[in-house]
Amino acid sequence: MRILALIALIAALASPALPARAQEAAPASPDPRIKFKDGERYLRDLAESLEIPREEICLELSRYDCADKAFRIVLGGVDPYDIRIMQPLDQASLASPIAFDRVALQVCSGRVARDRADPAASILFKRAAGRPDAAWRDALADRLYDRILRRSPDAGERQRMAGFLEGLEARSDRSAKAQADQTILACFALASSAEAAFY
Amino acid sequence: MTHRASTPNASRRSVLAGMAAGLAAPGAALAATRRRGDGPEPRFLIVLGGSGGCSIIDSFMAVRESESPNGKILNAWPDSLVQSPGGGPFRAIDFSSKTIGAIPAPFTANQSDFVKRHGQDMMVVTYTGTSVNHGVAEHRSVTGNAAWRGRTLQEATALTYGAGRPIANVHLINGTAFTDRGTDDSLPSSAYGERVPAPNLWPLSLDGYRGVKGAPDRKLFDAARDFRDGMLDPESDFVQTFAASDRLKRWFELRGAPLRDIEGADLITQLMVHPDSEDMPLKAHGLKSSPLAKKVREAFPAYGFDPIESQAALAFLLIRCGVASTVTLGPENSAVFNKGAALGRGGLSAGDMRNTPIAFDFSHQAHREVQSLMWSRVLSVADRLITLLKSEELAGGKSYWDHSLLYVATEFGRSRNRPEGAMTFGSGHDLNNGALIVSPLANGGRVLGGVDPETLMTYGFDPLSGRPEPGRNMTEAEVFSGIIQALGIETPGANLPDMRVMRRKA
């Protein structure tokens, strides 16, 4: 029996990745309580994981800190002293997901710009030697999940992200900028996902 | 001069597209839609919340000392300071002082100019509230003490007139209960207020892409959003685990049509009051000001540092650009000074204190000075906002103002007694007061109710004829109902009292 089980395991590992949607759905929580990761907490986490100084990670109009000044209340903060908002918004405002997207896009664009400026110390964007291949895409997916969600992707997630990157590549040229843009957009999708916004 | 709106089409998509192009008057398109029977004629509610008690007997129902047998020990004003502009029913106090209580802050306040300019649209309504607690009274001033299942005036307006507007109910003032959500949970989420914490920067939160340096092409960005919304999120263990969370459901709902409507209307441009400058480097980020920004800045030149001016500037654009059907603004609870104002060498210069600490409630320290300064401030903002709305045509020769109602909501009145003959004294809270409503939709040019000269307490009126009725006190619910009815809001099953005398049309 042990030999049969071992053969089955080796066969499973050797087979192509499972189709993206063939995995079992995660069990639903009987008590689905989650919290919004407010702007300050979100940016602190990303500043640490993407190795960008907190005070530089997101500046609206290159001047106003996204979480502290520009979108403080919209992103779930409070401001008791200046405008007497003592509690975070009960519910996300209409502007909240838009501002969240904006912040995620700024963070990702900023990280990739730094990577392009100093490839030796790059965190997310590593230019492919030739045309981006499956290994490049998988490696990028692994880096993104590791840096943004602090975990590894499962096979389905890696495959879906690779498919998205392939789709982007088909819509752009093979320049370094196109690869950088793919990195920004994949980073954005993950950094603005529900898993990144809530905990 | 009235500027004519130019867009004849009417679909929601074309309205939003027109707004994005910066060419259209979306309100005109909406008005056209409604004239064709698709909805009611547009109406706009402006709530100007005066925290701390805007006292009606220190403004439009002021009593002269000579008119009251107790004038020296009650808050009757010296005869020379009480104006009757234009010979109409409204009184006004024009008052200057070198100090505000112990604060050396000279100022000149004026109420009569507002009466002269807007008396035909002014309606003063007496009432007696039910709480002298700030927050409770503020909220009751907009719910009529839960007159209609607890919904606020703003929510009722957004519900009736907000269709097709991306952000129907906008709350520009913070830290007050004028903008607390009502207790009627049956309304669609679009009727509840959207909070604007910082009017000058808020437009930036209305586009997830524009102005972000180094961002990839917009179409690719949209593709990334589609990937996230259609595949990454739905397939994630996190979302599958917490799919039933109300927070998550609302998040996903907002990322759909509301997001597309807001970004599609290019509100990051339409609502941008600031010009390109060192403080707001718009051009360097591919952004620009609203086409109406210059006009708005001229009306509210202190928009950059005075919170109520930045609120009023944005309030106008929200109405004019077809974004909102109701806006709520008001003076700050903190002191506001002119730029560069400094204490020393004898105190502040004339007019340097624009807003007293805790707004009207600083009447505890210096009743008459605070009431005069703060009324003057509120009326000045109202006047400029009305003037802007009058200058823009909505449709059919009617201006935006012709479709608007401005309600100066407040919490309560102030106590009437004073040390004999004193000009400077403090006051407490009192349930008895009155409210100012300004609108072509209201039964303007009238004071409804009166003041008892012996006590300086206001009394009520007959809701149908308007005949004064000494001994009767009007309720918060009656004021609420009158406003709702003047706005033409249908109220099936609400059992609100008929306040015929408060509306211009039957």
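Residues numbered from 1 in each chain as written. Chains lettered and ligands numbered in written order. Predicted model: local features only at pLDDT ≥ 70, side-chain atom pairs only at ≥ 80, totals over all residues.

(A) Geometry of the sheet that holds strand β9 (residues 326–329) of chain B. Residue and element names in this part refer to chain B. If you trace the 8 strands from one edge of the open sheet to the other, you get β8-β7-β9-β1-β14-β17-β6-β18, paired in mixed fashion. Edge positions in the sheet fall to β8 (194–195) and β18 (446–448), since each of these pairs with one other strand and no more. Across 3 bridges, strand β14 (residues 404–410) lies against strand β17 (residues 432–438) in antiparallel orientation. Bridging from a neighbouring strand, valine 408 pairs with leucine 436 of β17. Where helix α5 (residues 153–161) meets the sheet, its contacts fall on β1 (44–50), β7 (169–171) and β9, and the angle it forms with β1 comes to roughly 165 degrees. Running at roughly 155 degrees to strand β6 (residues 122–128), helix α14 (residues 476–486) makes contact with β6, β14 and β17 of the sheet. (Pairing = 2+ DSSP bridges. Helix = DSSP H or I, 4+ residues; strand = E, 2+ residues; numbered from the N terminus. Contact = placed C-beta atoms within 7 Å. Axes fitted to C-alpha atoms, helices over the stretch in contact; angles between N-to-C directions.)

(B) Looking closely at the packing of helix α7 (residues 176–191) of chain A against helix α6 (residues 218–232) of chain B. Running from N to C, α7(A) and α6(B) cross one another at 40 degrees; their axes reach a closest spacing of 9 Å. The orientation of α7(A) with respect to α6(B), classified from their angle, is oblique. Both α7(A) and α6(B) take part in a crossing whose hand is right-handed. When α7(A) is examined against α6(B), the residues Asp181(A), Leu185(A), Phe188(A) and Ala189(A) are found in contact with a partner set consisting of Leu220(B), Phe221(B), Ala224(B), Phe227(B), Arg228(B) and Leu232(B). (Parallel < 35°, antiparallel > 145°, perpendicular 65-115°, else oblique. Left-handed = near helix turned anticlockwise from the far one by under 90°.)

(C) Region of the structure containing the confidence of the model for chain A. Looking at chain A, the pLDDT average stands at 90 and 88% of residues meet or exceed 70. Low confidence marks residues 1–22 of chain A, where pLDDT is under 50. Its contacts with residues over four positions away, or in another chain, come to 9 contacts. (pLDDT = per-residue confidence, 0-100.)

(D) Just the environment of Met61(B), in detail. Residues and elements named next belong to chain B. Positionally, methionine 61 belongs in the loop between β1 and β2 (82–83). Between the alpha carbons of methionine 61 and isoleucine 167 there is a distance of 37 Å; along the sequence they are 106 residues apart. Every residue in contact with methionine 61, bar those within four places of it in the chain, is listed here: Ile56, Arg91, Val124, Gly434, Val447, Val451 and Thr458.

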